[in-house]
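Understanding the architecture of this molecule
Listed below are the residues making up each chain.
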Amino acid sequence: QVQLVESGGGLVQAGGSLRLSCAASGNIFSIGAMGWYRQAPGKQRELVATTTSDDLTNYSDSVKGRFTISRDNAKSTVYLQMNSLKPEDTAVYYCNALIKAWIQGKAYNYWGQGTQVTVSS
């Protein structure tokens, strides 16, 4: 069984910082692209940032310049460093990874359980 476990969410004041972590575990053969998504109350889930296995990154316009995505392949972990946080960043943040597990013939997208980020004004 493949799992993604997130940590690092919490309550911060506007202008503050948080660092989210997401570690993959289980019968993993390989991991491709990894990313972060978020969903605010009453809103659709949206892309925040992605990173490929060779460290190419992509960000939504709303977070570019403030957030940084990175990965540690030895630890099967993806991070999201969030600086200059705004109240509109408040959401549940979900990590995602394209993973090929042993005994599977293809890669699938796996999702973490989500971690709450709340930014107060």
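The present account deals with the structure reproduced in this document. Starting afresh in each chain, residues are numbered from 1 along the sequence in its written order. pLDDT decides what is reported in this predicted model: residues at 70 or higher carry local features, side-chain atom pairs at 80 or more are listed and counted, and totals for whole chains, interfaces and linings draw on all residues regardless. Side-chain measures here rest on the full set of heavy atoms in the structure, leaving out hydrogens and waters.

1. A short note on the sheet that holds strand β1 (residues 3-7)
Strands are treated as partners if at least two bridges between them are detected by DSSP. Secondary structure elements follow DSSP: runs of H or I no shorter than four residues count as helices, runs of E no shorter than two count as strands, and numbering proceeds from the N terminus. Read from one edge of the open sheet, four strands run β1-β3-β8-β7, paired in antiparallel fashion. The outermost strands of the open sheet, each flanked by one partner alone, are β1 and β7 (67-72). The mean inter-strand angle of the sheet, taken between neighbouring strand axes irrespective of direction, is 15°. Summarising the sheet, β7 and strand β8 (residues 77-82) pair through six bridges and their orientation is antiparallel. Within β8, the residue paired with R71 across the bridge is V78. Axes here mean lines fitted to C-alpha atoms, for a helix over just the part in contact, with angles spanning 0 to 180 degrees between N-to-C directions.

2. With respect to the packing of aromatic side chains
Ring pairs shown here join Phe, Tyr and Trp side chains whose ring centres sit within 6.5 Å, with only the six-membered ring taken for Trp; geometry is labelled stacked below 30 degrees between planes, edge-to-face above 60, and tilted in between. This structure, assessed with the given rule, holds two aromatic pairs. Here F29 and W102 contribute two aromatic rings whose centre-to-centre distance is 4.6 Å and whose plane-to-plane angle is 75°, an arrangement assigned as edge-to-face. Taken as a pair, F29 in strand β4 (residues 28-39) and W102 in the loop between β9 (91-101) and β10 (108-111) lie far apart in primary sequence, 73 residues in all. For every residue, the accessible area obtained with a 1.4 Å probe (protein chains only) is divided by the maximum for its type, and the residue is called buried under 20%, exposed over 50%, and partly exposed between those limits. Assessed through its relative accessible area of 47%, F29 is described here as partly exposed. Look at W102 and you get exposed, because its relative accessible area is 52%. Comment: the charge-over-ring label is applied if NZ (Lys) or CZ (Arg) is within 6 Å of the ring centre and within 35 degrees of the ring normal. Stacked on the ring of W111, the Lys or Arg R45 has its end atom at 4.9 Å from the ring centre.

This is a description of form; function is not addressed.
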